[in-house]
Structure formats: C-alpha cells, structure tokens
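Now for the letters of each chain:
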Amino acid sequence: MRSVSVDLNHDASLLIDIPDALCERDKVKFTVHTKTTLSSFQKPEFSVPRQHEDFIWLHDTLVETEDYAGLIIPPAPPKPDFESPREKMHKLGEGEATMTKDEYTKMKQELEAEYLAVFKKTVQVHEVFLQRLSSHPTLSKDRNFQIFLEYDQDLSVRRKNAKEMFGGFFKNMVKSADEVLISGIKEVDDFFEQEKTFLLDYYSKIKDSTAKAEKMTRAHKNIADDYIHVSATLNSLSADDSTANKNRYLSSSVSLQKVEGRVASDQELKLTELLRYYMRDIQAAKDLLYRRARALADYENSNKALDKARLKSKDIPQAEEHQQHCLQKFDKLSESGKKELTSFKGRRVVAFRKNLIEMAELEIKHAKVSSTLQPTCVRLFVYS
Amino acid sequence: LLTDKSGPASLPAEDISANSNGPKQDSLFDDDPEDLFAEATEEVSLDSPEREVLLSDGPSPAITPITPPTSVITPKTCSDPFLLTLYSCFLKIEEEEGGDSFDMHISVSDPEKVGDGMNAYMAYKVTTKTSMSLFKTDEFSVKRRFSDFLGLHSKLASKYLHIGYIVPPAPEKSIVGMTKVKVGKEDQSSNEFVEKRRSALERYLMRTVKHPILLKDPDVLQFLESSELPRAVSTQALSSAGLLRMVNKAADAVNKMTIKMNESDAWFEEKQQHFENLDVQLRKLHASVESLVCHRKELSVNTAQFAKSAAMLGNSEDHTALSRALSQLAEVEEKIDQLHQDQANADFYLFSELLGDYVRLITAVKGVFDHRMKTWQKWQDSQLLLQKKREAEAKLQFTNKPDKLQQAKDEIKELEGKVQQGERDFEQISKTIRKEVSRFEKERVKDFKMIIIKYLESLVQTQQQLIKYWDAFLPEAKAIS
C-alpha cells in the first residue's frame, strides 16, 4: 500500500507512522507516532491514540481552510470496513454443523486472514494520509495537523466544535455542484481546460475500473473458498478409502491451488487498491478545479458588480477592492493549482508504474511456484 | 477345483471373506475367463500419440471417456522438461503392457437436429472402433437419439440389476434443456447443453461396454451395430435413471421397514456402509465443484469486464507510455479471461461431470445391494413356507387322508426345489456383487486417477500461460517513464 503513493516519509524533519492499532468491536484505535526535529513541536518524539473520525476531522478542516484552496488536499482515508469478513464469519457460524472439523478450521483461518488483511489495509490507508500531509511543504505546517499529531487528550471535544463552525457545508456543496460548475465555466487558460477535460473523463473511467477490479477480486476469493471445501471433502473421502494416499496428494495439490487463488486475489487487491486510491486522489484534484472555478465565478461576478457600481457611481472603491481581492485569489489558486496538478500527474504515473511492475512480477513469481509444485504433486499422485 | 489365484496387487485382502453367506469363494475370477481386468495393475493411460491425432480432429472429440473441449497438454505443446519426462514414463508403461488393455473406443459425435418444433430431436453419431472378434468390422457408425440410449439402459437394467450387476445409469433427461434446442434457440447455453449431453452419452456407452458381461449382451451389440433400431417408447414418461431412483427409493423404504437381514457376512455390511459414506461425500464434493465452476465463470465475466474498463482507462490516459501500458494490461486481462473460461470448462467436464456420474453410479450400486436383500428375503420366505408345509405334513401323517398327504408331499418337494433355488440365487447374487464391487472400485480408482491427472495438468497449463502473459506485460510496465 505504501507503494500506492510515491515514497513518502523520507524527510527526517517530520516522520510519521502508525506502528500499531487496536480493534475494539467497531472502533479502530490507531497509535500515531511522530518523530520530528522541528521546533514547532513540544517534543522530538511522541505517540497519540486516534480514531478514524479524528482523521476525517483533520481532512475536513484542511478542505475548509481558504488558504489551501489552491492545493490538492490528500483524500480522506475511508472508514474501516469489516462488514464483509464479519458477515462471512456469521455465515460460517451458522453453517458449522454441515462442515467437517477440518473444513471449519480452514474456513475460519481464511476468514481470520481476511479480517487481518482488512485491518492492515485500513492502518496503511490512514498512515499514507498523514504521510502525504507531512511531505507537503504547505500542509505539513498546518496548525490543526500539529494538534492532531500532538494533542494528547481526546480530540472528540475539539472535533465537535469544528463541526459546529463549518457544519460540513462546503463539503456538501462540492459533492453536488462541482460537475456542473466545472463544466459550465468558460475557461481562459489552456492548461486548465485540458486538465478539466482530462480529469472529468478519467475520473469516470477509473471509478468504473475500480468497481470492476473489486468484482474480480471477490470472484477470486469465492473460488479460493470453494477450493477449501473441495480439499476438505477429498480429505474425508480418503479417510476410509484404500486410495488414501492418492487423495492426500490430490488434496494437497488442490490446497496449493487454493493458496494460489488467495495469492492471485492479493495481486488483484494491489491493482484494486491502486485504482481506488487514485480515484479518490482524482476526486481531490477535481475539488481543486471546483474551488478555482468558483473563484473564477466570484471574480466574474465581482467584475459585473464593479461595472454596476461604476454605472451607478456608488460604492466604487469597495467594488474595486472586492474585484482586486477576487482576482488575487483566483490568480493565486491558478498558480498553485497548476503546480499541484503537474506534480500530481508525475506522482500518479510513477505510482502506476511501480504498482503495475510489482503486480506483474508477483504474478509471475507465484505462477512459477505453482507450475513447478503441481507437477511434483502429479508425480507423487501417480506413483503412489 | 478351487484354485487360490492371488488377486491383483490393488485388491485389498478383505475382499475375499472367510465367512460368507454362500459357499467358500477363494477366487473371484475363476469362472470368467473374459474378465479383462484380472491382470490390471495401476495403469494410467494418458493421451497416446494415436489419440493426439484424434484430438485435433475439429469438433469431434477424441474417444476417451471424458475429453475437455479445449486442448490438453501433449508432448507437442508442452515444453516443460519435467512433464515431458512424465509423459515418456507413461508411454513406456503403456508399451510394456501392450497399451490400453481395453481395445474398444466409442465416440459420440456430430449432433444433428432432426425435424422441427416440439417433435424435433437430436441425432448423434455413435462410432465404434475395435479389433474384437465380437464385431463384424473394425470400425462402424450408427445414428442414435437420446431415447435410444434410455431404451438400451432400461433393457439392461431389467435384465441384470436384479441378479447383482451394476448397470451404469443413463444420462439424465432434461426437459428444459431439450425444449430450448427444439424451439431452435441457437445460443451458447443450448450449445453447451448439447455438448454436455454428447459427452455424457459417450461416457455412458464407454462405461457400459467396459463391463465384460454387458458388452456381450445382444441389446448392446444391436445398439452399436444395427442401422435401424426400434423406437423406445417407454422412456417418454420418465428417464430410466429417474425410474431406477424411484424404484430404489421405494425399495429402500420398504427394506428399512420389513427386511431385517441376518447379515452373517461382514464384507457386505462393511461395503454397504462404505457406499453410504461414499455417497454422502461424493454428493458434497459434487456440490462444491459445481460451485467452483459457477464462480470461475463469474470470474471470467468479471475479468472480461475489467479488461474493457482498463482499455477505456488507457484511452483516457494522457501520459503516452502509461496509456499504452494500460491498454496492454487490458489485453492481458482479456487473455486471462479466456484462460479462466478454459479452466472452467476443465473444472466442469473433467471434474464435475465425473462426480455427477459417480453419484448416479453409487445409487445403482446401492440398488444392487438392495436386490441381494430381496433375494435373501425370497429365499427366507420359501424356507419359512417349507417349514410350515412340513409341519402341516407331519400333522397330516396322523390323519387318514392319503390324498391330502400326497398333495402335501408334492408341495413340499416343489418348495424344497424352490428353497434350493433361492439359496443358489442368493449365493449367486452375493458372488456377483463381490465381483462387481471389486471391478467397480478398480474402475473408480482408475477413472478418478486419470481425470485428476488431466485436471492437474490443466491447472499447470493455466499457470504456464499466466507466466507467459505477465512476462510479456512486464516490459510494457517498465517502459513507463
């Protein structure tokens, strides 16, 4: 997962990681560990416990900070979702009577592995979020970010205050209006025109790819589960059969296949994770475009207001000031937006490259392993 | 003269039981010189070079009991040195034993729709290749329809089941599947249905002729050889397999209620338990494999969808090298989808259908055990009746009724004959079942072994293909800059 974004966390002045986490029922408690040489922090090394909602709070405050309107705010980590393994665990409990002990144990192991995988994934996704922030020249200096890292009390009190102030207003607005606004605005800058076209199109494509990749992964998991049942039944067949040895080798080969199935799904998970992460990142880039489009709209409105004021010969200085202010804001957004989007593209290409290479190499490695192991099983099977 | 011919290596010692319900049976193969399996050892017959040619013969599949619709690894297509060694070992084994000891191959091919509408039916070409003197020529073909197969089975069942022979069940009837074909729906599912049925009919015939007794049955010979066959009408209501199942179920129920057989032969008790257990396990396995087939098909569909989506993503990507890589990824996934489909076919045709066959076969085996019980019951009944008659005769001795006495004596004589016959029948069916079960088990082991090897090979082939595809993709991914 670390490879999804490029290597973060190499600037020694601010190093963040999540060394461990606890899962209590629905809640995951992350331990956020910081090592820093910056004087803005009280201590050089410290850890705090944080919940998922704290991360969301941090993300939202960053989004709603005017000064960061021209930046791509790293996407918020998704909520820890143990729904799938939990449901499976429940089904497994119900079906326990129909399975052999061996089968049940294997299924349980498989489920535990899945649970662990979800857990690992959520830790990493939260970690990457913080590391994106710490490696950003501007965002790493954010006051709320510092509070998040340092404040050794429960953040939930502070969170509630923040919610009252902003009410999540901006976020809701963005969700419903951005497509219309972005596509509606007449673009003067070629760069942004291209980016707009590209990002809108790319977003819908990558969203689709993510969904399809997820379906592939699920189907692979189902097959791995089927192999558990098959190999378990083969084992019990061999229990009272004179062909015991044969079935043993068969079932060992089949369980190889099961492992293969799980591994293959892990590969796809890599692909799915890559796509999902960048889908969210592109949404963040789109949000930037939206903010810029709104600034442009504000600027255009301020122009109209100025013209009106000039016509009426009333409140001209205020209108001029307002127009200047809007222009400055828009220019600032455009300048920083350009930088952000350019570096984003570079980051994205590098991450895709790394992930695709790793995925291909792992696929090859695992296929090689099973294509040599299986003939051995065939041989043992035949000569037994 | 009872010769103690030691059985083949694979036959477990306990098959020859010391305490049986009939006379001592030291040799199971004595009175059947035509038993082709007397010398059978752990032979495995992989694709011989001869069959390779047949495999590549267009849509008509090779004359093996189960053939996957796609290509199997042959020495030609396989470059893996280990697998090649494996093949050469097998060919040597085959040479040493003079090849496949069963010199008869039947293929069912060229399904052809005859007629229109609801009266339409599928005609299949049944080709027999053999050098056995039992037949007039080396190779001959006839056209048969599904109901002909059912008719053959019902005749064989009525002749042989009740004396203890395990008659292979005919393939299942399918009203839904057949209707689609009749109505003329030329889509993938009806093609799959026809192929599934064709394959099942082929396996059915091969199993039937592999049985040394059934092979010589005139109905079987007529089925294979004669160009015209009287239409089998009794199959319309129910398929024979369905009928058999119904009868067996009823018999089961009755047996469990009334027949408390004095089983003094542990072999039978143990075997019955064994088959009960096997039944449960095979059904379970079959269900799991069917689920596997379903999920693999799902994976194939999902992979194809993802491939399309990745292609579109590649088109949308503005970085040239990454765009190309994504398009390549889409192509790789498309190829992998085809791999999944092929694997699903292998899962199905090799594994799933075999299991289905054996689930039905086990039902036939259980039926045969039930017949033995009924035979025993019949014998016991006549013994009881004889007993009664003897008692009655004894009483009549003291009365002065010479006519009645003579009648009683006559009846007793008749009954004594019946009892003897009953005992002989019971011994015979017990003996036959022992032989049949041993043959069945050997065939089962052989069948499964061969299929499993083929299946494992298909898995290996999939892995090797995957390596090729990802190997080709890797440089594209590395070229992104």
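Here is what the cut-offs are and how they apply
Residues numbered from 1 in each chain as written. Chains lettered and ligands numbered in written order. Predicted model: local features only at pLDDT ≥ 70, side-chain atom pairs only at ≥ 80, totals over all residues. Heavy atoms only, no water. Contact = heavy atoms within 4.5 Å. Buried area = accessible area lost by both parts, 1.4 Å probe. Salt bridge = Lys/Arg side-chain N within 4 Å of Asp/Glu carboxyl O. Helix = DSSP H or I, 4+ residues; strand = E, 2+ residues; numbered from the N terminus. Buried < 20%, exposed > 50% of the residue type's maximum accessible area, 1.4 Å probe, protein only. Pairing = 2+ DSSP bridges. Axes fitted to C-alpha atoms, helices over the stretch in contact; angles between N-to-C directions. Polar contact = N/O pair within 3.5 Å; in protein donor to acceptor, adjacent residues only side chain to side chain. UniProt positions renumbered as here; feature names shortened; annotations may be inferred. Core = buried A, V, L, I, M, F, W, Y, C linked by side-chain atoms within 4.5 Å. Parallel < 35°, antiparallel > 145°, perpendicular 65-115°, else oblique. Left-handed = near helix turned anticlockwise from the far one by under 90°. Nonpolar A, V, L, I, M, F, W, Y, C, P; charged D, E, K, R; others polar. Phe/Tyr/Trp six-rings, centres within 6.5 Å; stacked < 30°, edge-to-face > 60°. Lys NZ or Arg CZ within 6 Å of the ring centre and 35° of its normal.

Concerning the interface of chain B and chain A
Then, number 1: Between chain B and chain A, the residue contacts involve 60 residues of the former and 62 residues of the latter.
Then, number 2: Of the roughly 5,600 Å² buried between chain B and chain A, counting both surfaces, carbon and sulfur atoms make up 70%.
Then, number 3: In this assembly, chain B and chain A are joined by four salt bridges.
Then, number 4: Across the pair Glu-361 of chain A and Lys-478 of chain B runs a salt bridge, and its minimum N-O distance is 3.9 Å.

So, the pattern of salt bridges
Then, number 1: For the structure shown, the criterion picks out 43 salt bridges over all chains.
Then, number 2: Residue Arg-348 of chain A pairs with Glu-317 of chain B through a salt bridge whose shortest N-O separation is 2.6 Å. Of the two residues, Arg-348 of chain A is situated in helix H9 (residues 316-383) and Glu-317 of chain B in the loop between helix H9 (266-316) and helix H10 (320-397); the pairing between them involves two chains. You'll find Arg-348 of chain A and Glu-317 of chain B in the same group, each marked buried.
Then, number 3: Residue Asp-447 of chain B pairs with Arg-207 of chain B through a salt bridge whose shortest N-O separation is 3.4 Å. Taken together, the residues span a long stretch of sequence, with Asp-447 of chain B in helix H11 (residues 402-478) and Arg-207 of chain B in helix H5 (residues 188-210) at a distance of 240 residues. Residues Asp-447 of chain B and Arg-207 of chain B agree in their burial class; the two are buried.
Then, number 4: Taken together, the shared-partner salt bridges connect Arg-203, Arg-207, Glu-353, Asp-357, Arg-360 and Asp-447 of chain B into one network.

Regarding the sheet that holds strand E1 (residues 14-24) of chain A
Residues and elements named next belong to chain A.
Then, number 1: With antiparallel pairing, the three strands of this open sheet are ordered in space as E1-E2-E3. Across the chains shown, the open sheet's two edge strands, defined by having one partner strand only, are E1 and strand E3 (45-51). Looking at each pair of strands side by side, their axes are set apart by 20 degrees on average, direction ignored.
Then, number 2: With seven bridges connecting them, strand E2 (residues 27-36) and E3 associate as antiparallel partners. Along E3, the bridge assignment pairs Thr-31 with Pro-49.
Then, number 3: Here helix H1 (residues 52-63) sits on the sheet and contacts E1, E2 and E3; the angle it forms with E3, its principal contact strand, is near 100 degrees.
Then, number 4: Docked against the sheet, helix H3 (residues 101-134) engages E1 and E2, running at close to 150 degrees with respect to E1.

Regarding helix H4 (residues 143-150) of chain A
Along an α-helix, a turn takes 3.6 residues, which lines up residues three or four apart on a common side.
All names here are of chain A.
Then, number 1: Among the eight residues of H4, six are classified as buried, and the element is accordingly described as predominantly covered.
Then, number 2: Turning to H4, its buried residues are Phe-145, Gln-146, Ile-147, Phe-148, Leu-149 and Glu-150.
Then, number 3: Where H4 starts, the residue carrying a side-chain oxygen 2.9 Å from the main-chain nitrogen of Asn-144 turns out to be Asp-142.

Comments concerning unusual backbone geometry
Then, number 1: Even without a glycine there, the phi angle at Asp-315 of chain A is positive, about 55 degrees.
Then, number 2: As for its position among the elements, Asp-315 of chain A is in the loop between helix H8 (244-312) and H9.
Then, number 3: One non-glycine residue, Asp-110 of chain B, adopts positive backbone phi at about 50 degrees.
Then, number 4: Position of Asp-110 of chain B among the secondary structure elements: in strand E1 (residues 104-114).
Then, number 5: Judged by its relative accessible area of 38%, Asp-110 of chain B is partly exposed.

Here we look at the UniProt feature "coiled-coil region" (unreviewed entry) in chain B
Then, number 1: Look at the UniProt record and you will see "coiled-coil region" (unreviewed entry) annotated at residues 405-432 of chain B.
Then, number 2: As annotated, residues 405-432 of chain B has a helix share of 100% and a strand share of 0%, and its two end C-alpha atoms lie 40 Å apart.

Re the nonpolar core
Then, number 1: Counting 139 residues, the largest nonpolar core has Leu-224 and Trp-470 of chain B as the members making the most contacts within it.
Then, number 2: Element by element, the count of residues in this core is highest for H10 of chain B, at 27 residues.
Then, number 3: Apart from the residues lying within four places of it in its own chain, the contact partners of Leu-224 of chain B are Met-104, Ile-106, Val-126, Thr-128, Phe-135, Phe-140, Val-142 and Val-209 of chain B.
Then, number 4: In this structure, Leu-14, Ile-18, Phe-30 and Phe-82 of chain A belong to the second largest nonpolar core, which totals 31 residues.

Describing the environment of Val-289 of chain B
Then, number 1: Tracing the sequence through the fold places Val-289 of chain B in helix H9.
Then, number 2: Look at Val-289 of chain B and you get buried, because its relative accessible area is 0%.
Then, number 3: With 66 residues separating them in the primary sequence, Val-289 of chain B and Leu-355 of chain B have C-alpha atoms 8.7 Å apart.
Then, number 4: Here Val-289 of chain B is in contact with Val-230 of chain A together with Asp-347, Phe-351, Ser-352 and Leu-355 of chain B, once residues within four sequence places are set aside.

Some thoughts on the pairing of E2 of chain A
Then, number 1: Summarising the sheet, E1 of chain A and E2 of chain A pair through nine bridges and their orientation is antiparallel. Across the sheet, the residue bridging to Leu-22 of chain A is Lys-29 of chain A, located in E2 of chain A.

Quick look at the packing of H9 of chain B against H11 of chain B
Residue and element names in this part refer to chain B.
Then, number 1: Contact pair H9 / H11: the axes reach a minimum separation of 13 Å and the direction vectors enclose 25 degrees. Judged by the inter-axis angle, H9 sits roughly parallel to H11. By crossing handedness, the relation of H9 to H11 is classed as left-handed. Residues Trp-267, Phe-268, Lys-271, His-274, Phe-275, Leu-278, Leu-282, Leu-292 and Arg-296 of H9 lie in contact with H11, whose contacting residues are Ser-430, Ile-433, Arg-434, Val-437, Phe-440, Glu-441, Arg-444, Phe-448 and Tyr-455.
Then, number 2: Among the residues forming the contact of H9 with H11, the class breakdown is 11 nonpolar, two polar and five charged.

Thoughts on the packing of aromatic side chains
Then, number 1: The tally for this structure, following the rule as stated, stands at 22 aromatic pairs over all chains.
Then, number 2: Ring geometry for Phe-191 of chain A and Phe-192 of chain A: centres 5.2 Å apart, planes at 90 degrees, overall edge-to-face.
Then, number 3: A centroid spacing of 5.9 Å and a plane angle of 50 degrees characterise the contact between Phe-275 of chain B and Phe-369 of chain B, whose relative ring orientation is tilted. Of this pair, Phe-275 of chain B sits in helix H9 while Phe-369 of chain B sits in helix H10, placing them 94 residues apart in sequence. The same class applies to Phe-275 of chain B as to Phe-369 of chain B, namely buried.
Then, number 4: Here the aromatic cluster, defined as three or more aromatic residues joined through ring pairs, consists of Trp-267, Phe-268, Phe-275, Tyr-358, Phe-369 and Phe-440 of chain B.
Then, number 5: Across the ring face of Phe-223 of chain B, the terminal group of Arg-144 of chain B is positioned such that the distance to the ring centre comes to 5.3 Å.
Then, number 6: The positively charged end of Arg-197 of chain B is found above the aromatic ring belonging to Phe-146 of chain B, 3.6 Å away from the centroid.

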